[in-house]
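Read off the chains here:
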Amino acid sequence: MTTIKTALRFVTHRIARHPDSEPTVTAECLRPGCGWSVAPTSDVKRADVDCMAHTGATGHAIFARKYEDMAVVVRET
Ligand SMILES: [Zn+2]
């Protein structure tokens, strides 16, 4: 008879933004045919201001905003 033993080890991990990265944001006007967008930037407030300026100039008020960062998972000891 064969006995199989399995050792399960539960290790705690955490995830956080990678310290060598900055989150970036992009925004795209959703008015059909417009095509205006904010290039990826780490200046989130600047992107918001640019969107508001676009609304002021065109009346287009709906945007798709995307936030992106680089994450790292680390094993806690
Ligand atoms: Zn627009």
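Up top you'll find the structure we're talking about.
K.L.:
Summarise the environment of Gly59; cite the residues concerned and give the values.
P.N.:
Topologically, Gly59 is positioned in the loop between helix 1 (44-58) and strand 4 (63-68). Distance in space between the C-alpha atoms of Gly59 and Arg31 is 9.7 Å, their sequence separation being 28 residues.

K.L.:
Which residues make up the pattern of salt bridges, and what are the values?
P.N.:
Overall, the coordinates contain three salt bridges when judged by the stated rule. Measuring nitrogen to oxygen at the nearest pair gives 2.7 Å for the salt bridge that ties Arg65 to Asp48. With Arg65 in strand 4 and Asp48 in helix 1, this residue pair connects regions lying 17 residues apart in the sequence. When its relative accessible area of 26% is taken as the criterion, Asp48 is described as partly exposed.

K.L.:
Residues and numbers for the coordination of the zinc ion, please.
P.N.:
The coordination sphere of the zinc ion, as far as protein atoms go, consists of Cys29 (SG), Cys34 (SG), His54 (NE2) and His60 (ND1), spread over 2.1 to 2.4 Å. Around the zinc ion sit four donor atoms, and with donor-metal-donor angles ranging over 104 to 114 degrees the site reads as tetrahedral. Overall, Cys29 belongs to the buried group, its relative accessible area being 4%.

Here is what the cut-offs are and how they apply
Chains are numbered independently. Their residues run from 1 in the order of the written sequence. Local features in this predicted model are restricted to residues of pLDDT 70 or higher, and side-chain atom pairs are both shown and tallied only at a pLDDT of 80 or more, whereas totals for entire chains, interfaces and linings draw on every residue. To obtain the side-chain values, all non-hydrogen atoms of the structure were used and water was disregarded. The way it works is that DSSP assigns letters per residue, a run of H or I at least four long becomes a helix, a run of E at least two long becomes a strand, and they are numbered from the N terminus. When a carboxyl oxygen of Asp or Glu is within 4 Å of a side-chain nitrogen of Lys or Arg, the pair counts as a salt bridge. Each residue is placed in one exposure class: buried if its accessible area under a 1.4 Å probe, protein chains only, is under 20% of its type's maximum, exposed if it is over 50%, and partly exposed if it falls in between. Each metal's donors are the N, O and S atoms found within 2.8 Å of it, except that Na, K and Ca use a 3.2 Å limit; water is left out, so coordination can look incomplete. Key to geometry: four donors with every angle between 85 and 135 degrees are tetrahedral; four donors are square planar and six octahedral where opposite donors lie over 155 degrees apart and all remaining angles lie between 65 and 115; all other sites are irregular.

In short, shape yes, function no, at least from these values alone.
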